[in-house]
Amino acid sequence: MRGEGDLSDRRERFWRRTGISLPLLENLCYTVRVNENETYFRKKNAMDVKCSGRNGLHPSFHKEEMDMLETGIKAPDFELPDQNGIIHRLEDYRGKKVILYFYPKDSTPGCTKQACGFGELYPQFLEKGAVVLGVSKDSVKSHKKFEEKYGLPFTLLSDTELAAIQAYDVWQEKKMYGKVSMGVVRTTYLIDEEGRIVKAYGKVKAAENPQQMLEELDERD
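Everything in this summary refers to the structure shown in the same document. (Residues numbered from 1 in each chain as written. Predicted model: local features only at pLDDT ≥ 70, side-chain atom pairs only at ≥ 80, totals over all residues. Heavy atoms only, no water.)

## Focus: the overall build of the protein chain
Logical step 1: A tally of regular secondary structure across the protein chain gives six helices and 13 strands.
Logical step 2: Looking at the protein chain as a whole, 47% of its 221 residues are labelled buried.
Logical step 3: In the protein chain, the share of contacts with a sequence separation of at least 24, taken over all contacts with a separation of at least 6, comes to 59%.
Logical step 4: Just so you have it, the protein chain exposes about 11,400 Å², and 48% of that area is on carbon and sulfur atoms. (Helix = DSSP H or I, 4+ residues; strand = E, 2+ residues; numbered from the N terminus. Buried < 20%, exposed > 50% of the residue type's maximum accessible area, 1.4 Å probe, protein only. Contact = heavy atoms within 4.5 Å. Areas by Shrake-Rupley, 256 points an atom, 1.4 Å probe, with all protein chains shown as cover.)

As structure tokens, then:
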């Protein structure tokens, strides 16, 4: 068995290939076996994950199989600029319900449908004591153009360093046209007035998600 220093190096390489933060890796996985060229991790209550020093991730490992943040836990705080450059923290919204949704890219068809849907229903969300925060890795400038083009009435947060995106476990492996890459998986969290995650929706359908979240609030009234 190799030493802890060697294992730390392998964990670091695993993070660089997958985008999974080291604290998240520590939380979700524990070491099963370390060979000369490969390190195996076993995800809690799930599969083995192989990190190869030569070939990258094992083909059977897909980041989208990993758990989202669990309901009932305190939502990770963040500090991100909005479309006007104003800094927002989750803590600023204590006492309100927060619909925190992560999306891949401004002005793309699916993301536009989702954003416009939230915009149309936004007065109803406010009536229920909820705010909507959209997060992507786009720049502040991109968010401003997106807001102005579609008249979006809610806050868009820029996470170019992937801080919140990784903290909320939405930076995942994606497949498109047979190619594999890392990116934001469309995900929506409902956070209560005390800052705890009470609902998590992964791989949501862009056009349906706004109504889905409004119905979720209706059920909780």
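## Observations concerning the pairing of strand 13 (residues 197–202)
Logical step 1: Across five bridges, the pairing between strand 12 (residues 187–191) and strand 13 is antiparallel. Directly across from Tyr189, in strand 13, lies its bridge partner Ala200.
Logical step 2: Between the antiparallel neighbours strand 12 and strand 13 lie five residues, among them Gly195 with a positive phi of about 85°. (Pairing = 2+ DSSP bridges.)

## Here's the deal with the pairing of strand 8 (residues 130–136)
Logical step 1: Within strand 8, seven of the seven residues are buried, leaving the element largely enclosed by the surrounding structure.
Logical step 2: Neither face of strand 8 is open: one carries Ala130, Val132, Gly134 and Ser136, the other Val131, Leu133 and Val135, and all of them are buried.
Logical step 3: Across six bridges, strand 7 (residues 97–102) lies against strand 8 in parallel orientation. Looking at the pairing, Ile99 lines up with Val132 of strand 8.

## Observations regarding the nonpolar core
Logical step 1: Core analysis: the largest hydrophobic core is formed by 44 residues, its most contacted members being Phe78, Leu100, Phe102, Phe125, Phe154, Tyr168 and Ile191.
Logical step 2: The set of elements that each furnish at least two residues to this core consists of strand 7, helix 3 (109–127), strand 8, strand 9 (155–158), helix 5 (163–167), strand 12, strand 13 and helix 6 (209–220).
Logical step 3: Among the elements that line this core, the one with the most residues is helix 3, at six residues.
Logical step 4: With sequence-adjacent residues up to four places away left out, Ile191 is seen in contact with Ala75, Leu90, Lys96, Lys97, Val98, Leu100, Tyr168, Arg196 and Ile197. (Core = buried A, V, L, I, M, F, W, Y, C linked by side-chain atoms within 4.5 Å.)

## A word on the sheet that holds strand 9
Logical step 1: With mixed pairing, the five strands of this open sheet are ordered in space as 9-8-7-12-13. The outermost strands of the open sheet, each flanked by one partner alone, are strand 9 and strand 13. Strand after strand, the sheet turns through a mean of 20° between neighbouring axes, direction not considered. (Axes fitted to C-alpha atoms, helices over the stretch in contact; angles between N-to-C directions.)

## Some details on the environment of Val184
Logical step 1: Position of Val184 relative to the elements: it lies in strand 11 (residues 179–184).
Logical step 2: For Val184, a relative accessible area of 3% translates into the label buried.
Logical step 3: Sequence separation of Val184 and Val170 is 14 residues, and the distance between their C-alpha atoms is 5.5 Å.
Logical step 4: Not counting the four nearest positions on each side in its chain, Val184 is found in contact with Phe102, Tyr103, Pro104, Ile165, Val170, Trp171 and Lys174.

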